[in-house]
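# Geometric and topological summary
Chain residues, written in single-letter form:
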Protein chains: 2
Amino acid sequence: MSVADTTMLAWAYLSRVAEPPSRELAALVGQVGPVEAAERIRRGAVGSELARHTEARRDIDVSAADLRLLASRGGRLITSDDPEWPVLAFAAFGGAGASRPDCRPPLVLWALGPAHLDEVAERATAIVGTRAATSYGELVAADLSGGLAEHDVAVVSGGAYGIDGVAHRAALAAAGITVAVLAGGIDIAYPAGHSALLHRIGTHGLLVTEYPPGVRPARYRFLTRNRLVAALAGATVVVEAGLRSGAANTAAWARLLGRPVAAVPGPVTSAASAGCHVLLRGGAELVTRADEVIELVGRVGELAQDPPRPVTPLDGLSVAERQVYEALPGRGVLTVDQIAVASGLAPAQVFGPLALLEVAGLAERRDGSWRITRAR
Amino acid sequence: MSVADTTMLAWAYLSRVAEPPSRELAALVGQVGPVEAAERIRRGAVGSELARHTEARRDIDVSAADLRLLASRGGRLITSDDPEWPVLAFAAFGGAGASRPDCRPPLVLWALGPAHLDEVAERATAIVGTRAATSYGELVAADLSGGLAEHDVAVVSGGAYGIDGVAHRAALAAAGITVAVLAGGIDIAYPAGHSALLHRIGTHGLLVTEYPPGVRPARYRFLTRNRLVAALAGATVVVEAGLRSGAANTAAWARLLGRPVAAVPGPVTSAASAGCHVLLRGGAELVTRADEVIELVGRVGELAQDPPRPVTPLDGLSVAERQVYEALPGRGVLTVDQIAVASGLAPAQVFGPLALLEVAGLAERRDGSWRITRAR
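Residues numbered from 1 in each chain as written. Chains lettered and ligands numbered in written order. Predicted model: local features only at pLDDT ≥ 70, side-chain atom pairs only at ≥ 80, totals over all residues. Heavy atoms only, no water.

For the rest of this paragraph, the subject is the packing of helix α1 (residues 3-17) of chain A against helix α4 (residues 63-72) of chain A. To describe two helices that pack against each other, one gives the angle between their axes and the distance between the axes. Residues and elements named next belong to chain A. It is at 8 Å that the axes of α1 and α4 come closest, and there the two elements cross at 105 degrees. One finds that α1 runs roughly perpendicular with respect to α4. On α4, the residues that touch Met8, Leu9, Ala12, Tyr13 and Arg16 of α1 are Ser63, Ala64, Asp66 and Leu67. Of the residues assigned to the contact of α1 with α4, the class counts are 6 nonpolar, 1 polar and 2 charged. (Axes fitted to C-alpha atoms, helices over the stretch in contact; angles between N-to-C directions. Helix = DSSP H or I, 4+ residues; strand = E, 2+ residues; numbered from the N terminus. Parallel < 35°, antiparallel > 145°, perpendicular 65-115°, else oblique. Contact = heavy atoms within 4.5 Å. Nonpolar A, V, L, I, M, F, W, Y, C, P; charged D, E, K, R; others polar.)

Shown next, in the form of structure tokens:
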């Protein structure tokens, strides 16, 4: 067996032996490398904390089968010495949250799909939200995700029903890149109703997980997984979230990692937007369109345009011109003196504005008196 | 004629002679008092700027008729030396915006209604928004305004169709105080369709305007009026606003006067909420309920309660307890060793959590194995 093979088997073994993320396991691997770390764990020759973390599984070694399964599907194991490892994205784990035991990069990532994780992480947004999405939330998620994909921003999400699924689908429909970070093994299609969607993501985008094959998603694994969704994206956008949605957890991770958190507003009468409004009251960025999101993750100078405003012919008028215009009667006509009284301007001040209004087609003269021009 | 009568006639004359707000007129009145100021303006013995502002109307004196009309309706003229003058509220005009020529308190206020303006201004919120309100906006405006009224917060608005009208009505329905600041004379019911509503406000709340009787609303007068809506309220809440709504102008006045600006979010797909979202992206406070608004205008310590959150029996669990709970199978049973493998915990670490889950009614033992308790 080649050294490379031995190393990969060790990584695979380590990936299963402790529930991630394990600070102690990462420390040991950092010290002695994966092969020696695996060997010591098998022998029980490790510190008491790591021994406790690995006691339940250290005698289980299915690493060869795991790697065969991965290879048979065309997948790969991305390790921290791989060029595809998103070094910059994961550097955020060393920031403000580093004192938390769970604020850790993954040990390895099991990956499937043509997209390159390091490239994806350079320009990506997480679009997350409740499984109990409303049709409004689905509409907005699709709109944002499609808009991001069209601007070459990868869409990262969790593969769940509701907002996540819509975000993935809209990115695929726009021929963009989408990444699903799973809370279980790469061979476990969860939720089952998303088997076909996850297959398409693995074919056109990227499936990644820190869990070895066969591991089933569990509630705490979703929460652990959320940190990777937040870390792989330059910003996290919550589209719809109830007050207890997991999306708020992803947003909290993004904030801990120093990444912008954005949320989409919705009706205050909608429970599915209540979590978004809590985030917005807490300082999250309000976003309504894809280009406002791109402003958060895009290149410098990629600023959102102001929303288009309706313009009226009155926009360019000065204050005096407007006062005169407003003083003109809707029906009938007024003399200059009457206009002066109505507008509060001196008669001498009324002539200039009237002339301008006439040229602009807003007012017209009739036998020395004035009225508004109708039927423009 | 008494001195008091003479003074009131002078105020009424001054109120009409220059289009408000006039900095020069205010300065003259401040120097020589209203009676002498009126006298000098009639003679044309004033500076050139004020002469221009008063030239069109200085020969018109209908002050006696104006005061008779006001008295016949049961109204009153509130002047700056009246105890009802809201000194604190209008002090804001001397702040950051004072260099703007239109950032001025009114010269006088024509008022009708039982509420006392000085008391109202101590605890008031402006609720404003588009005339083209949606049913969503109307629902939220009514909810906010009714909630404020129930907590003795006066609702100030502009008497217009749409959000303004709903806000006034909901405050009246809750037996609260509502104030309409008009952009024309107190005898001009504008819009005409709100005659009955304005009559009710003048009977139970307060109608105020800086314009003398007979003056018709005009576009620039609405903008000028908006500064008084913002000044009389401790905070301004925009419920729905298109991108060009006048409500954004009231919000701009509130900001200039140093008062909190809040906005209600809505669907990003609704043009009637687009102006609110622009305000929120610009730093306005997002509000969803009346008590969040009261927090902005209320007494110290009157804080909004956190929104009620659904609670689940899993909320109090520790990380290890949750890991064990998640490892329990939905169907069938697992041994302690199997639970240890599934959860990644050492077998010795599984017993404690299992015992707690059993006591909590979340897990149950069966022939030495464990499963989730169903049908709680």
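Turning next to the domain arrangement of chain A. When its domains are assigned, chain A resolves into domain 1 (1-62), domain 2 (73-297) and domain 3 (313-372). Centre-to-centre, using C-alpha coordinates, domain 2 of chain A lies 59 Å away from domain 3 of chain A. (Domains from an automatic or database assignment.)

Structural alignment of chain A on chain B gives an RMSD of 0.1 Å, achieved by rotating through 180 degrees and translating 0.1 Å along the axis. These values place the two chain copies in the arrangement generated by a two-fold rotation axis. Looking at the rotation axis and the C-alpha trace of chain A, the residue lying nearest is Gly266 of chain A, at 2.3 Å. (Least-squares fit on C-alpha atoms with pLDDT ≥ 70 in both.)

The partner chain B presents 52 residues to the 53 residues of chain A that form the contact. Summed over both partners, the interface of chain A with chain B comes to about 4400 Å²; 59% of that surface belongs to carbon and sulfur atoms. Broken down residue by residue, the surface that chain A buries against chain B is led by Arg219, Arg244 and Arg281 of chain A, which jointly contribute 16%. Linking chain A with chain B are 8 salt bridges, by the criterion used here. A salt bridge links Glu285 of chain B to Arg281 of chain A, with the shortest nitrogen-to-oxygen separation between them at 3.9 Å. The tally of links from chain A across to chain B stands at 12 residue pairs in polar contact (both at pLDDT 80 or more). (Buried area = accessible area lost by both parts, 1.4 Å probe. Salt bridge = Lys/Arg side-chain N within 4 Å of Asp/Glu carboxyl O. Polar contact = N/O pair within 3.5 Å; in protein donor to acceptor, adjacent residues only side chain to side chain.)

Take helix α8 (residues 163-173) of chain A next. All names here are of chain A. For α8, a buried count of 9 out of 11 residues is recorded, marking the element as mostly surrounded by other parts of the structure. Within the sequence span of α8, burial applies to Ile163, Asp164, Gly165, Val166, Ala167, His168, Ala170, Ala171 and Leu172. Once α8 finishes, Ala175 follows within two positions and takes phi at roughly 60 degrees, a positive value. (Buried < 20%, exposed > 50% of the residue type's maximum accessible area, 1.4 Å probe, protein only.)

Here the focus is the environment of Ala56 of chain B. By the secondary structure assignment, Ala56 of chain B is in the loop between α3 (48-54) and α4 (63-72). Those residues in contact with Ala56 of chain B that sit more than four places away from it in its chain are Ala340, Val341, Leu345, Ala346 and Pro347 of chain A.

All of the buried residues in helix α13 (residues 290-297) of chain B are Ala290, Glu292, Val293, Ile294 and Val297 of chain B. Against α12 (271-281) of chain A together with β3 (124-128), α7 (135-150), β7 (235-238) and β9 (285-286) of chain B lie the buried residues of α13 of chain B.

Residue and element names in this part refer to chain B. Spatial strand order, β1-β2-β6-β5-β4-β3-β7-β8-β9: 9 strands in an open sheet with mixed pairing. Two strands close off the open sheet at either side, each with one partner strand: β1 (76-79) and β9. Pairing between β3 and β7: 4 bridges, direction parallel. Residue pairing in the sheet places Ala126 in a bridge with Thr236 of β7. Across the sheet, α4 touches β1 and β2 (108-112), and the angle it forms with β2 is around 35 degrees. (Pairing = 2+ DSSP bridges.)

This part takes up the pattern of salt bridges. All names here are of chain A. A complete count under the given rule lists 35 salt bridges over all chains for this structure. The salt bridge involving Glu19 is made with Arg221; its shortest N-O contact spans 2.8 Å. Taken together, the positions of Glu19 in the loop between α1 and α2 (23-43) and Arg221 in helix α10 (residues 219-232) put the pair 202 residues apart, joining distant regions of the chain. Side by side, Glu19 and Arg221 carry an identical accessibility label, which is buried. For the salt bridge of Arg227 with Glu210, the shortest nitrogen-to-oxygen distance reads 2.7 Å. In this pair, Arg227 sits in helix α10 while Glu210 sits in the loop between β6 (206-209) and α10, placing the two residues 17 residues apart along the sequence.

Right, let's talk about the packing of aromatic side chains for a bit. Residue and element names in this part refer to chain A. Per the counting criterion, the structure on display carries 6 aromatic pairs over all chains. Summarising the aromatic geometry, the rings of Trp85 and Phe90 are spaced 5.2 Å apart at their centres and angled 70 degrees between planes, so their arrangement reads as edge-to-face. Judged by its relative accessible area of 8%, Trp85 is buried. Its relative accessible area of 5% is what places Phe90 among the buried residues. Their ring planes at 45 degrees and their centres at 5.7 Å tell us that Tyr190 and Phe222 sit as a pair that is tilted. Taken together, the residues span a long stretch of sequence, with Tyr190 in the loop between β5 (178-181) and α9 (195-204) and Phe222 in helix α10 at a distance of 32 residues. The class for Phe222 is partly exposed, based on a relative accessible area of 23%. (Phe/Tyr/Trp six-rings, centres within 6.5 Å; stacked < 30°, edge-to-face > 60°.)

Below, the discussion takes up unusual backbone geometry. Each neighbour pair has its own omega, and for Pro20 of chain A with Pro21 of chain A the value is -5 degrees, a cis peptide bond. Its place among the elements puts Pro21 of chain A in the loop between α1 and α2. Omega for the bond connecting Tyr190 of chain A with Pro191 of chain A falls within 30 degrees of zero, at -5 degrees, which places this linkage in the cis form. Within the secondary structure, Pro191 of chain A sits in the loop between β5 and α9. Non-glycine residue Ala175 of chain B carries a positive phi angle of around 60 degrees. Looking at the element boundaries, Ala175 of chain B is found in the loop between α8 (163-173) and β5 (178-181). A relative accessible area of 71% places Ala175 of chain B in the exposed class.

All names here are of chain B. Examined against the element boundaries, Ser2 turns out to sit in the segment before α1 (3-17). Here Ser2 falls in the partly exposed class, since its relative accessible area comes to 35%. Separated by 47 residues in sequence, Ser2 and Glu49 have C-alpha atoms that sit 32 Å apart. Polar side-chain contacts of Ser2 include one of 2.9 Å to the backbone nitrogen of Asp5.

Let's shift gears to the sheet that holds strand β8 (residues 261-263) of chain A. The strands making up a sheet are joined through hydrogen bonds of the backbone, oriented either antiparallel or parallel. Residue and element names in this part refer to chain A. Strands sit in the order β1-β2-β6-β5-β4-β3-β7-β8-β9 across an open sheet of 9 strands; the sheet is mixed. What marks the edges here is a single partner per strand, and that holds for β1 (76-79) and β9 (285-286). As defined by bridge partners, β5 adjoins β6 across 3 bridges and the pair is classed as parallel. Within β6, the residue paired with Val181 across the bridge is Val208. Packing against the sheet, α1 makes contact with β1 and β2 (108-112), and its axis sits at approximately 85 degrees to β1.

Residue and element names in this part refer to chain B. The N-to-C vectors of helix α14 (residues 319-327) and helix α15 (residues 336-343) enclose an angle of 110 degrees; their axes lie 9 Å apart at closest approach. Considering the angle they form, α14 stands roughly perpendicular to α15. Contacts from Gln323, Val324 and Ala327 of α14 reach α15 at Ile339, Ala342 and Ser343. Each residue belonging to the contact of α14 with α15 can be placed in one class, and the counts come to 4 nonpolar, 2 polar and no charged.

Now for the nonpolar core. Formed by 84 residues in total, the largest nonpolar core has its most connected members in Phe90 and Val238 of chain A together with Phe90 and Val238 of chain B. Discounting chain neighbours no more than four positions away, the residues touching Phe90 of chain B are Trp85, Pro105, Pro106, Leu109, Leu228, Ala231 and Leu232 of chain B. Membership of the second largest hydrophobic core comes to 31 residues, among which are Leu9, Ala12, Leu50 and Trp110 of chain A. (Core = buried A, V, L, I, M, F, W, Y, C linked by side-chain atoms within 4.5 Å.)

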